[in-house]
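Summary of the model geometry
Each chain is listed here by its residues.
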Amino acid sequence: MSRKIVASLFISLDGVVEAPDQWHFPYFNDEMGVAVGEGLRNADTMLFGRVTYDSFAGAWPARETAGAEDAGFAKQLGDMRKIVFSRSPLDFQWRNSEQAQGDVAEVAAALKGESGGDIGLSGSVSVIRQLLAAGLLDELQLLVHPVAVRKGMRLFDEGEPSIPLRLLKTQTFSTGVLNLVYGPDTAPPTGGYKEAVASLGE
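Every value quoted in this text rests on a predicted model; they were computed, and no experiment measured them. (Residues numbered from 1 in each chain as written. Predicted model: local features only at pLDDT ≥ 70, side-chain atom pairs only at ≥ 80, totals over all residues. Heavy atoms only, no water.)

1. Regarding the packing of aromatic side chains
- One pass over the full model with this rule turns up five aromatic pairs.
- For the ring pair Phe48 and Phe56, a centre distance of 5.2 Å and an interplane angle of 65 degrees mean the geometry is edge-to-face.
- With relative accessibility at 0%, the residue Phe48 sits in the buried group.
- Its relative accessible area of 14% is what places Phe56 among the buried residues.
- Look at Trp60 and Phe73: their rings are 5.2 Å apart centre to centre, the planes differ by 80 degrees, and that puts the pair in the edge-to-face class. A residue pair is termed long-range when its members are at least 10 positions apart, and Trp60 in helix α3 (residues 60-66) and Phe73 in helix α4 (residues 71-79) qualify at 13 residues. (Phe/Tyr/Trp six-rings, centres within 6.5 Å; stacked < 30°, edge-to-face > 60°. Buried < 20%, exposed > 50% of the residue type's maximum accessible area, 1.4 Å probe, protein only. Helix = DSSP H or I, 4+ residues; strand = E, 2+ residues; numbered from the N terminus.)

Below, the structure written as structure tokens:
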């Protein structure tokens, strides 16, 4: 059985995923913390884009050293194998970090064929887009925040073909955040306008 690739994103009601530090934190609570941790519970490897990796590496090692309440999660991240996609050479200070040797699809496909736990992503929108396009993403967790940010990069850019997804899990938090987990839909609905009109007349 191949390893799963699972991704998690904070996303606004209007689809923005950029700069969640500017709109996400008022909605964070214990429910969300559990959901995020659950998504990475079985992962022993993480994939990163350069920007997200720099953000994580700039925060989590210090939290582990500080021994605060999130030190356990910080240690879990530090112990994982971390593979970073970047066009420029990187100098890593965070343990177990390495630069990807190949493009996203090549590296992800090779990892899925190896033994081990799940392969996780948190953020890294460009990597998630490429995994979706290549049909390599097994689960996409969207934590939908009840706010219209109205500016910034959206998760789904324009392109073809469409990417059908199947809802695997849904949960509503007390803050109004929706925890939606999707997987690939290998048998999406068929039909068109005529079928929809016909069903209305039944």
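2. Quick notes on helix α6 (residues 125-134)
- Residues Val125, Val127, Ile128, Leu131 and Leu132 constitute the buried set of α6. Projection of α6 onto a plane perpendicular to its axis shows the buried side chains occupying an angular sector of 160 degrees, all on one side.
- Downstream of α6 by a residue or two, Gly135 has a phi angle that is positive, lying close to 70 degrees. (Arc of directions from axis to C-beta.)

3. Quick notes on the side chain of Thr45
- In this fold, Thr45 is placed in strand β2 (residues 43-49).
- For Thr45, a relative accessible area of 3% corresponds to the buried category.
- At 3.1 Å, the side chain of Thr45 forms a polar contact with the side chain of Asp44.
- Apart from residues no more than four positions distant in its own chain, Thr45 is found in contact with Arg3, Met80, Arg81, Ile83, Asp118, Ile119 and Gly120. (Polar contact = N/O pair within 3.5 Å; in protein donor to acceptor, adjacent residues only side chain to side chain. Contact = heavy atoms within 4.5 Å.)

4. Observations regarding the pairing of strand β6 (residues 139-145)
- With six of seven residues buried, β6 lies mostly within the body of the structure.
- Pairing of strand β1 (residues 5-12) with β6 involves seven bridges; the strand directions are parallel. Within β6, the position partnered with Ile11 by the bridge is Val144.
- Pairing of β6 with strand β8 (residues 178-184) involves five bridges; the strand directions are antiparallel. Note on β8: the bridge partner recorded for Gln141 is Val181. (Pairing = 2+ DSSP bridges.)

5. Let's talk about the packing of helix α5 (residues 104-112) against α6
- Taken N-terminus to C-terminus, the directions of α5 and α6 make an angle of 70 degrees; their axes are 9 Å apart at the nearest point. Classified by the angle between their axes, α5 and α6 sit roughly perpendicular to one another. In this structure, α5 uses Val104, Ala105 and Ala108 to contact α6, whose residues at the interface are Val127, Gln130, Leu131 and Ala134.
- For the contact of α5 with α6, the class distribution of residues is six nonpolar, one polar and no charged. (Axes fitted to C-alpha atoms, helices over the stretch in contact; angles between N-to-C directions. Parallel < 35°, antiparallel > 145°, perpendicular 65-115°, else oblique. Nonpolar A, V, L, I, M, F, W, Y, C, P; charged D, E, K, R; others polar.)

6. Overview of the side chain of Thr52
- Position of Thr52 among the secondary structure elements: in helix α2 (residues 50-57).
- Note on Thr52: relative accessible area 16%, which makes it buried.
- Reaching out from Thr52, the side chain makes a polar contact with the backbone nitrogen of Ser124 at a distance of 3.0 Å.
- Leaving out residues up to four positions away in the same chain, Thr52 has contacts with Ser122, Gly123 and Ser124.

7. Here we look at the sheet that holds β6
- The strand order β4-β3-β2-β5-β1-β6-β8-β7 describes an open sheet built from eight strands, whose pairing is mixed. With partners counted over all chains shown, the strands left at the sheet margins are β4 (97-99) and β7 (165-172), one partner each. Averaged over all neighbouring strand pairs, the angle between strand axes comes to 25 degrees, with direction disregarded.
- In terms of strand pairing, β1 meets strand β5 (residues 118-122) through four bridges, oriented parallel.

8. A word on the environment of Leu143
- Among the secondary structure elements, Leu143 is positioned in strand β6.
- In sequence terms Leu143 and His24 are 119 residues apart; their C-alpha atoms lie 9.9 Å from each other.
- With sequence-adjacent residues up to four places away left out, Leu143 is seen in contact with Ser8, Leu9, Phe10, Ile11, Met32, Val36, Phe173, Val177, Leu178 and Asn179.

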